[in-house]
Amino acid sequence: MSNSEIKASSQTLETAKTTSSFSNVDPGKVIRWTLLFLGGVVMVMPIVFMISTSLKWPHEIYELSIIPKEPTLENYIYVLEDGRFYQWFWNSLLIATATTISAVIFDSMVGYALCKFKFSGRMFVFVAILSTLMIPTEMLVIPWYIMARDFGWLNSHWGIMFPGMMTAFGTFLMKQFFETVPDDFLEAARIDGLNEFQIWWSVAMPLVTPALSALAIFIFLGNWTAFIWPLIVTNSPHLYTLPVGLTTFSVEQSVQWELIMTGAALATIPTLIVFLLFQRYIIRGVVMAGLKG
Amino acid sequence: MATVAFKNLVKAYDKTEVLHGINLEVADGEFVVFVGPSGCGKSTTLRLLAGLEEITSGDILIGGRVVNNLEPKERDIAMVFQNYAIYPHMSVRKNIGFGLRTAKMSKEDKEKRIEEVGAMLSMTELLDRRPAQLSGGQRQRVAIGRAMVRDPAVFLFDEPLSNLDAQLRTQMRLEIKKLHQRVGTTIIFVTHDQVEAMTLADRIVIMRDGHIQQVGTPTEVYRHPANLFVAQFIGAPSMNLIPGKLVAKGIELDGGALVPVTPIGASANITIGIRPNDLTLAEEGEPALLEGQVSVIEPLGSETLIYVDIGQREVVATVQGRILPKLGETVRLNAPQDEIHFFDSDTEIALKV
Ligand SMILES: Nc1ncnc2c1ncn2[C@@H]1O[C@H](COP(=O)(O)OP(=O)(O)OP(=O)(O)O)[C@@H](O)[C@H]1O
Ligand SMILES: [Mg+2]
């Protein structure tokens, strides 16, 4: 083949490629992308509205325009100057962090024991823990309340946290993930002279970090946004968590949506930080969960 | 370094007994290989010795001391697993040093020991890598390094080479053998590959269904298999077995040929065994033991396997040289009389001549 011939044929090749990429639009792909786009819009809308409302003056909030006519930071200034916000924020942060650390440690410890130790009654314990997953929070609130009252835990940080210090869901999740850790790792460590606690902490735990991160995010978010239980167990405003505190903006004659939205917008910041910190692990975690069923 | 002994070792899971009384003495510094088909209890024996499973009855002794109730870490052993079990979240250095965590040594001494082991396995440049950045063979070397670093009394290997490709396996096999020659530690090695067993072992222990079938040097088990199972298991290709009957003048084979030998204590039904490389093509006019048509020819390079159809069964012969029979050709095969093995067909036990 001469040079020009090669050029010509490569040109035909290229044109062939472009036309084929036009004619090869996969209808399935179009539908998928459309659905995903719509889903994305539906999920993003509340957040957009939250931010837009937080930038509006009170008289404007029922006009459903997304761009405020006269944008203002007045709401942010009000919320941040009102001292209560910081207290609620601190309460939420303290409670969410403490429950996250505690639940991640205890869930993985119990999950590990259920997965790797063969003791009689193991199945029974596992099923018992699992069955608590079927009971909705609304039903648990009353026994929790009675328990908190009898122990004198009403109106305290501990009262808000104690039901979440260990979770059945996390135990189940961690048990499943420890199944993916081959016993050889643990046995090798056992031969190398580690005790069972060291094996769990320095061999098994590092091998399930994706699951730990995912669990940490779930638990942090769950506690950060928890509403019913903190509302019931506390009645002094200095113990309110953010979601509970924010609703007090509405107990006067009219609901001050712009302030609630401002508080909510500020409240999303820590969740964003937590997510960004752990997201590369959570994505890996979800992939792993998908692979290992 | 230490001796190892099993005395009437029995292991049962729930009610199923999987080891039925293992007796074995391993000398100090000996390289013993357990070999047998899948499920015969090799790993179980090793795990009992390591202390990873509890024994049901009997005794295990390491260095003359009964270790039945000792924790794995108190037994002064190190184990290398089939899938390496090196920790993905630690560097090679940390992995090798892991076995020293609980050792009473200064930090510098530990560091020195790790370097020493790294050098011995020629992986000094790899010490700061993560396992994910290593090849399969290198990972297995890390696992061996982690076992070596503590300088244990006994090394245990459970099929350490079976995840490697054929070429690497041969290479690692050689390295393990050299390692043993250098450090001289007692090694107990489990494999289901008889070639690995033959090449590595000072003594081979052949197991089947939780029983020891034979213990001996590679030459002993090859030259004098104790029973039909060992005869077939050791050596590749497998020994040819041909059933026959005891008659007045010797043993009459199914094909009609006569082997003019009467083994000691022979009963009515005798099976003879001939290794493929002991079968030779008979010269013209020479009386032959077996006769049949060539059904398959497998060239292996230096030699060729020919499968010969002799009536109800097929025998394999290893033929040297360039002049080969053709497919479908009728060949006559002979074997030197002292290379013929005799077995009682009913008890499967080998018979002496
Ligand atoms: N945890 C257990 N519970 C019940 N039975 C078991 C257990 N572990 C092993 N066995 C049984 O014990 C027998 C011996 O198993 P073992 O693992 O020692 O075989 P092996 O010789 O190592 O085989 P392979 O070459 O496949 O590794 C098998 O029949 C197996 O099913
Ligand atoms: Mg095994």
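Small disclaimer: the values here were computed from a predicted structure and weren't measured.

1. Notes on the sheet that holds strand S4 (residues 57-62) of chain B
Residues and elements named next belong to chain B. Read across the sheet, 4 strands follow the order S2-S1-S4-S5 without closing on themselves; strand pairing throughout is antiparallel. Edge positions in the sheet fall to strand S2 (16-26) and strand S5 (65-66), since each has one partner strand and no second. Of the strand pairs in this sheet, strand S1 (residues 4-13) and S4 are connected by 5 bridges, and their pairing is antiparallel. Following the sheet pairing, Lys7 is matched in S4 by Asp59. Packing of helix H1 (residues 42-50) onto the sheet brings it into contact with S1, S2 and S4, and relative to S1 it is tilted by some 115°.

2. A few points about the interface of chain A and chain B
Listed by partner, the interface residues are 16 residues for chain A and 22 residues for chain B. Contact between chain A and chain B buries roughly 1,600 Å² in total, counting both sides, with carbon and sulfur atoms accounting for 62%. Where chain A packs against chain B, one counts 3 salt bridges. Between Arg47(B) and Glu187(A) there is a salt bridge, with its nearest N and O atoms 2.8 Å apart. The tally of links from chain A across to chain B stands at 6 residue pairs in polar contact (both at pLDDT 80 or more). Put simply, the parts of the chain that give the side of chain A that touches chain B at least two residues each are helix H9 (183-191) and helix H10 (196-207) of chain A. The element that contributes the greatest number of residues to the side of chain A that touches chain B is H9(A), accounting for 7 residues. Looking at side-chain class alone, the side of chain A that touches chain B contains 8 nonpolar, 4 polar and 4 charged residues.

3. Quick notes on the domain arrangement of chain B
All names here are of chain B. For chain B, the assigned domains read domain 1 (4-231) and domain 2 (237-351). Of note, the centres of domain 1 and domain 2, computed from C-alpha atoms alone, are 38 Å apart. Counting residues at the interface gives 9 residues for domain 1, matched by 11 residues for domain 2. Taking both partners together, domain 1 and domain 2 bury about 890 Å²; carbon and sulfur atoms supply 51% of that area. Ranking the residues of domain 1 by area buried against domain 2 places Tyr222, Leu228 and Ala231 at the top, with a combined share of 59%. Taken together, the links from domain 1 to domain 2 amount to 2 salt bridges. Summed over the shared surface of domain 1 and domain 2, the number is 4 residue pairs in polar contact (both at pLDDT 80 or more).

4. Quick word on the site of ligand 1
Residues and elements named next belong to chain B. Looking at ligand 1, the residues that line it are Tyr13, Val18, Ser38, Gly39, Cys40, Gly41, Lys42, Ser43, Thr44 and Glu159. Here an oxygen atom of ligand 1 and a backbone polar atom of Cys40 are 3.2 Å apart. One of the side-chain nitrogen or oxygen atoms of Glu159 is found 3.2 Å away from an oxygen atom of ligand 1. When ligand 1 is considered free in solution it has 630 Å² of accessible area, and contact with the protein chains removes 57% of it.

5. Digging into the packing of helix H4 (residues 84-116) of chain A against helix H5 (residues 122-131) of chain A
The description of two packed helices rests on the angle between their axes and on the distance between the axes. Residues and elements named next belong to chain A. Contact geometry for H4 and H5: axes closest at 9 Å, N-to-C directions at 140°. If you check the angle between H4 and H5, you find them oblique. Handedness of the H4/H5 crossing: left-handed. Each of Val110, Leu114 and Cys115 in H4 lies in contact with H5, whose residues at this interface are Arg122, Val125, Phe126 and Ile129. A per-class count over the contact of H4 with H5 returns 6 nonpolar, no polar and 1 charged.

6. Observations regarding helix H4 (residues 136-148) of chain B
Taking 1.5 Å per residue as the helical rise, H4(B) with its 13 residues ought to reach 18 Å, and the 18 Å between its terminal C-alpha atoms agrees with that figure. The buried count for H4(B) comes to 10 of 13 residues, which makes it a mostly enclosed element. What H4(B) keeps buried is the set Gly137(B), Gln140(B), Arg141(B), Val142(B), Ala143(B), Ile144(B), Gly145(B), Arg146(B), Ala147(B) and Met148(B). Tucked into the core, H4(B) has its buried residues touching H9 of chain A together with strand S6 (77-80), helix H2 (92-97), helix H3 (107-120), strand S7 (154-158) and helix H5 (166-183) of chain B.

7. Brief notes about the sheet that holds strand S17 (residues 303-310) of chain B
Residues and elements named next belong to chain B. Taken together, the 5 strands give an open sheet; going across it, the order is S15-S19-S16-S17-S18, and neighbouring strands pair in antiparallel fashion. Each edge of the open sheet is held by one strand with a lone partner, namely strand S15 (280-281) and strand S18 (313-320). By the bridge criterion, 2 bridges tie S15 to strand S19 (residues 330-334) in an arrangement that is antiparallel. Within the sheet, the bridge partner assigned to Thr280 lies in S19 and is Asn334.

8. Overview of a nonpolar patch on the surface
Residue and element names in this part refer to chain A. Together, Ile101, Ile105, Phe106, Met109, Met166, Phe197 and Trp201 line one region of the surface with nonpolar side chains, adding up to about 670 Å² of accessible area. Of all the secondary-structure elements, those providing two or more residues to the nonpolar patch are H4 and H10. Among the elements that line the nonpolar patch, the one with the most residues is H4, at 4 residues. On the basis of relative accessibility, which here comes to 41%, the residue Phe106 falls in the partly exposed class.

9. Section: empty space enclosed by the protein
Following the criterion strictly, the structure yields 1 cavity of 30 Å³ or more and no others. Space inside the largest cavity adds up to approximately 50 Å³. Elements with a contribution of two residues or more to the lining of the largest cavity: H9 of chain A together with S6 and H4 of chain B. When its residues are assigned to classes, the lining of the largest cavity shows 6 nonpolar, no polar and 3 charged.

10. Some points on unusual backbone geometry
Residues and elements named next belong to chain B. Here the bond from Ala236 into Pro237 is cis, since omega is -5°, no more than 30 degrees from zero. Looking at where Pro237 falls in the secondary structure, it is placed in the loop between helix H8 (228-233) and strand S11 (240-247). For Asn8, which is not a glycine, the phi torsion comes out positive at approximately 50°. Within the fold, Asn8 resides in strand S1. Located in the positive-phi region is Asp209, a residue other than glycine, with phi close to 50°. Residue classification places Asp209 among the exposed positions, given a relative accessible area of 53%.

11. Some points on the confidence of the model for chain B
Residue and element names in this part refer to chain B. Residue-level pLDDT values for chain B average 91, and 100% of them are 70 or greater. Taking the mean pLDDT of every element in chain B, the minimum, 86, falls on strand S13 (residues 258-259) and the maximum, 97, on strand S3 (residues 31-35). Scored as a whole, the predicted complex attains pTM 0.80, and scored at its interfaces, ipTM 0.80.

Scoring rules and cut-offs
- Residues numbered from 1 in each chain as written.
- Chains lettered and ligands numbered in written order.
- Predicted model: local features only at pLDDT ≥ 70, side-chain atom pairs only at ≥ 80, totals over all residues.
- Heavy atoms only, no water.
- Pairing = 2+ DSSP bridges.
- Helix = DSSP H or I, 4+ residues; strand = E, 2+ residues; numbered from the N terminus.
- Contact = heavy atoms within 4.5 Å.
- Axes fitted to C-alpha atoms, helices over the stretch in contact; angles between N-to-C directions.
- Buried area = accessible area lost by both parts, 1.4 Å probe.
- Salt bridge = Lys/Arg side-chain N within 4 Å of Asp/Glu carboxyl O.
- Polar contact = N/O pair within 3.5 Å; in protein donor to acceptor, adjacent residues only side chain to side chain.
- Nonpolar A, V, L, I, M, F, W, Y, C, P; charged D, E, K, R; others polar.
- Domains from an automatic or database assignment.
- Near = heavy atom within 4 Å.
- Areas by Shrake-Rupley, 256 points an atom, 1.4 Å probe, with all protein chains shown as cover.
- Parallel < 35°, antiparallel > 145°, perpendicular 65-115°, else oblique.
- Left-handed = near helix turned anticlockwise from the far one by under 90°.
- Expected span 1.5 Å × (residues − 1).
- Buried < 20%, exposed > 50% of the residue type's maximum accessible area, 1.4 Å probe, protein only.
- Patch = residues over 30% accessible without salt bridge, like charges linked within 9 Å, V, L, I, M, F, W, Y side chains within 5 Å.
- 1 Å grid on protein atoms, 1.4 Å probe; cavity = no way out; pocket = protein on both sides within 12 Å on 5 of 7 lines; lining within 4 Å.
- Points joined across faces, edges and corners; volume = space filled by probe spheres on them.
- pLDDT = per-residue confidence, 0-100.

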